[in-house]
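Summary of structural features
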Amino acid sequence: MQASIRDRILSVAFGFAVFLTCLLVMKVAHHLDMRSRLKAVIDLVHARGHVITSQADEIFAQLDSRRFDACTPELQQEARNLLFRFNHVHEILFFRDRGPTPICSATLGLLDETHAFPAHDIQSLFDPDRSYWLGFSDPRLPETSVDFFVRSHDVGIVLDQRILSNTTTSFDWEAFTRPPGTDYAVHLFGSEGIYEQSRQSIQHPLSPYTYVEGCTEGVWRFCVVARDDMPAEIMQNPLTSAAGILAYLGFGFLGYRWRLRRFEKRSTLTGRIRTAIRRNFRDFHCVYQPVIDMRSGDPVGCEVLARFCDEYGPLPPSAFIPEIERTGSTWFFTEAVLGKAITDLASLEGRLEGFHLSANFFRQDLHARNLDRLEASAALRVLGDKPYVLICEILENGLETGIDMSQAIAHLRARGFEIAIDDFGTGVANLSSVRKLSPHYIKIDRQFVGEVDASEDSLRASLVPNILAIARQVGSICVAEGVETAEQAASLGGIGIRYAQGYHFARPMPVAELAAFLPAQATCSRPAQTTA
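This write-up is about the structure you can find in this document.

Each value, and the rule that gives it
Residues numbered from 1 in each chain as written. Predicted model: local features only at pLDDT ≥ 70, side-chain atom pairs only at ≥ 80, totals over all residues. Heavy atoms only, no water. Core = buried A, V, L, I, M, F, W, Y, C linked by side-chain atoms within 4.5 Å. Buried < 20%, exposed > 50% of the residue type's maximum accessible area, 1.4 Å probe, protein only. Helix = DSSP H or I, 4+ residues; strand = E, 2+ residues; numbered from the N terminus. Contact = heavy atoms within 4.5 Å. Phe/Tyr/Trp six-rings, centres within 6.5 Å; stacked < 30°, edge-to-face > 60°. Lys NZ or Arg CZ within 6 Å of the ring centre and 35° of its normal. Patch = residues over 30% accessible without salt bridge, like charges linked within 9 Å, V, L, I, M, F, W, Y side chains within 5 Å. Areas by Shrake-Rupley, 256 points an atom, 1.4 Å probe, with all protein chains shown as cover. Salt bridge = Lys/Arg side-chain N within 4 Å of Asp/Glu carboxyl O. Pairing = 2+ DSSP bridges. Expected span 1.5 Å × (residues − 1). Arc of directions from axis to C-beta. Disulfide = S-S within 2.5 Å.

Moving on, we get to the nonpolar core. F284, F320, F333, L366, L380 and L390 are the most contacted members of the largest nonpolar core, which has 69 residues in total. With eight residues, the top contributor of residues to this core is helix 9 (residues 330–345). Setting aside chain neighbours within four positions, we find F333 in contact with F281, F284, A306, F320, I321, I324 and F362. Counting 34 residues, the second-largest nonpolar core is a separate cluster that includes F94, Y132, I157 and L159.

Written out as structure tokens, the structure reads:
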């Protein structure tokens with residue numbers, strides 16, 4: 001339940017992340033689009049600026065080198081001709097000896113020389129003789145001449161800046177320049193204050209505002225900064241924006257559903273086992289069920305049993321074993337289990353001299369074509385040097401599958417390992433097949449043991465002496481599985497079975513409990529075959 005809740009929370013988080021990603025992609029795309037549009041504005045402003053500045057440059061080139069001691073009719077006529085030629089020049093003024101007041105203009109003639117100009121706003125960095133007045137206004141000039149004034153030597157020009165300030169866009173922008181040696185910008189035209197706002201704004205991906213700036217270089221230097229107000233555009237286009245938001249919410253919901261289905265698929269039996277395999281079987285652990293000598297009551301060995309538990313809870317072997325077989329990971333699973341057992345028992349090796357550790361092997365892993373795996377197995381190589389003896393258990397129904405296991409069995413025997421037939425009685429193995437395998441042990445299945453004391457007429461219980469007889473004929477030792485009561489133990493001991501495992505003696509336990517269960521010094525060995 002906790003895993004399911006966690007998966008749903010993660011799925012919601014994933015869907016929300018998809019939604020935010022869509023918004024971020026939209027903002028980035030919008031920002032790139034705005035940069036493209038701003039470049040067009042900057043290019044337009046610069047092109048228009050070039051028009052008026054080039055006209056001013058031509059006038060200065062024609063008049064700049066001359067002295068103007070008097071405002072003659074010839075000078076005024078020449079100035080009027082220049083105004084006629086250059087449509088973005090409103091007025092031309094003339095000064096005497098670099099003085100602060102103009103002596104005459106192209107349109108007004110003589111001027112009152114007692115009225116001095118205010119100090120200039122900008123001194124050109126590139127030409128020290130050129131100065132600028134921004135938002136220029138003079139009461140002696142027509143109202144339409146309230147514009148931009150530039151002076152070079154004794155010539156001043158009033159320029160019409162409306163060609164720049166009348167540029168319209170879908171976003172706010174400001175044209176400005178920065179006086180040399182200063183850290184502030186001087187507004188030229190556009191929406192005043194945009195530049196200062198851009199300096200104070202914290203730029204991050206989810207900010208509703210985007211600022212883009214561009215400048216030209218040269219004597220006439222213009223900068224333009226634009227602000228993209230996404231909330232304002234959303235309000236201007238509510239239907240389009242709402243459709244976009246709904247689409248992004250849809251993507252987020254689809255992402256949530258996709259992630260949730262992935263989690264649900266992973267939480268299925270197949271998904272959980274496949275995930276555990278990818279995790280290198282870390283969700284598996286080992287428990288150990290002791291095998292007891294019923295005459296002495298001492299443990300002589302134990303069976304290593306795999307258990308599974310992940311974030312969704314435990315699974316029984318009857319659930320995960322078929323899935324492992326279905327994925328073709330049986331040998332990797334067996335090696336992982338043996339490796340975990342080796343690690344678990346490392347601290348007990350001084351007490352396990354002659355101890356028997358039995359583990360289940362899949363029949364397909366004992367096929368002749370898999371012999372290389374057995375020979376290269378690091379786990380088997382380590383177990384061959386341990387003080388305890390490994391018993392390789394093979395299910396009885398594996399004997400009748402047509403798989404030739406003789407080479408694998410011979411290899412295991414050569415390495416000092418012993419062989420056991422597990423769940424004997426549930427398959428169709430006959431005396432001939434058992435004799436061919438010649439196992440060290442035959443483990444009687446629990447369904448036979450469970451009926452030993454249930455009824456004197458039980459058919460299954462009556463077969464136990466026959467199984468014991470088969471074991472004696474092939475020289476094997478019988479081990480009874482699933483002994484749960486004292487009566488079963490007494491009955492099995494009465495017919496000559498000496499070794500057993502089951503809940504009556506001990507349940508499967510972790511290695512810490514096994515350490516407490518074992519005697520302080522275990523010196524167990526394989527009993528004589530005549531004792532059965």
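Applying the stated criterion across every chain, the model contains nine aromatic pairs. Judged by centre distance (5.3 Å) and plane angle (70 degrees), the rings of F284 and F333 are edge-to-face. Taken together, the residues F284 in strand 12 (residues 284–293) and F333 in helix 9 connect sequence positions 49 residues apart. Of the two residues examined, F284 and F333, each falls in the buried class. Here a set of aromatic residues connected by ring pairs shows up, and it is made of F281, F284, F308, F320, F333 and F362. Positioned above the aromatic ring of F95 is the side chain of R151, whose terminal nitrogen or guanidinium carbon lies 3.7 Å from the ring centre.

Glancing now at a nonpolar patch on the surface. Among the surface-exposed residues, L24, V28 and L32 lie close enough to one another that they form a single nonpolar patch of about 240 Å² accessible area. Looking at where L24 falls in the secondary structure, it is placed in helix 1 (residues 2–63). Assessed through its relative accessible area of 33%, L24 is described here as partly exposed.

So, about the pairing of strand 6 (residues 148–152). Counted residue by residue, strand 6 has five buried out of five residues, so it is predominantly covered. Alternating residues of strand 6 divide into F148, V150 and S152 and F149 and R151, and every residue in both groups is buried. In terms of strand pairing, strand 5 (residues 130–133) meets strand 6 through four bridges, oriented antiparallel. Its bridge partner lying in strand 6, R130 is registered against S152. With five bridges joining them, strand 6 and strand 7 (residues 155–159) adopt antiparallel strand pairing. Opposite R151, over in strand 7, you have G156 as the bridge partner. The antiparallel pairing of strand 6 with strand 7 creates a hairpin that spans two residues between the two strands, and H153 there sits at a positive phi of about 60 degrees.

The next point concerns the pattern of salt bridges. Throughout the structure, instances matching the rule amount to 12 salt bridges. Close ionic contact of K443 with E303 constitutes a salt bridge, the shortest N to O distance being 3.2 Å. Taken together, the residues K443 in strand 18 (residues 441–444) and E303 in strand 13 (residues 299–310) connect sequence positions 140 residues apart. Residues K443 and E303 agree in their burial class; the two are buried. The residue K386 makes a salt bridge to E349 at a minimum N-O spacing of 2.6 Å. In this pair, K386 is assigned in the loop between helix 11 (378–383) and strand 16 (389–395) and E349 in the loop between helix 9 and strand 15 (356–360), connecting sequence segments 37 residues apart.

Moving on to the pairing of strand 12. If a strand is regular, its side chains alternate between the two faces of the sheet. Counting buried residues in strand 12 gives nine out of 10 residues, a clear majority hidden from the surface. Linking strand 12 to strand 13, which pair antiparallel, is a turn of five residues; within it G297 sits at a positive phi near 80 degrees.

The next subject is helix 2 (residues 73–85). With 13 residues, helix 2 ought to run about 18 Å at 1.5 Å a step, and its terminal C-alpha atoms sit 18 Å apart, in line with that. For helix 2, every residue scored as buried is listed here: L75, Q76, A79, L82 and L83. For helix 2, the arc enclosing every buried residue in end-on projection is 120 degrees, short of the 170-degree limit, so these residues lie on one face. Residues of helix 2 that are exposed and angled more than 90 degrees away from the buried face: P73, E74, F84 and R85.

Listed as buried for helix 16 (residues 486–494) are Q488, A489 and L492. Projected onto a plane normal to the axis of helix 16, the buried residues spread over an arc of 100 degrees and lie on a single side. Residues of helix 16 that are exposed and angled more than 90 degrees away from the buried face: A490 and G494. A positive phi of about 105 degrees marks G496, the residue just after helix 16.

Time to look at the state of the cysteines. Under the defined criterion, the tally for this structure stands at one disulfide. Bridging C71 to C104, the disulfide has an S-S length of 2.1 Å. Taking the sign of the S-S torsion, about 95 degrees here, the bridge from C71 to C104 comes out right-handed. Remark: C104 occurs in strand 2 (residues 102–105) and C71 occurs in the loop between helix 1 and helix 2; sequence separation between them is 33 residues. You can call C71 buried: its relative accessible area is 13%. Among the residues examined, C104 registers a relative accessible area of 0% and is labelled buried.

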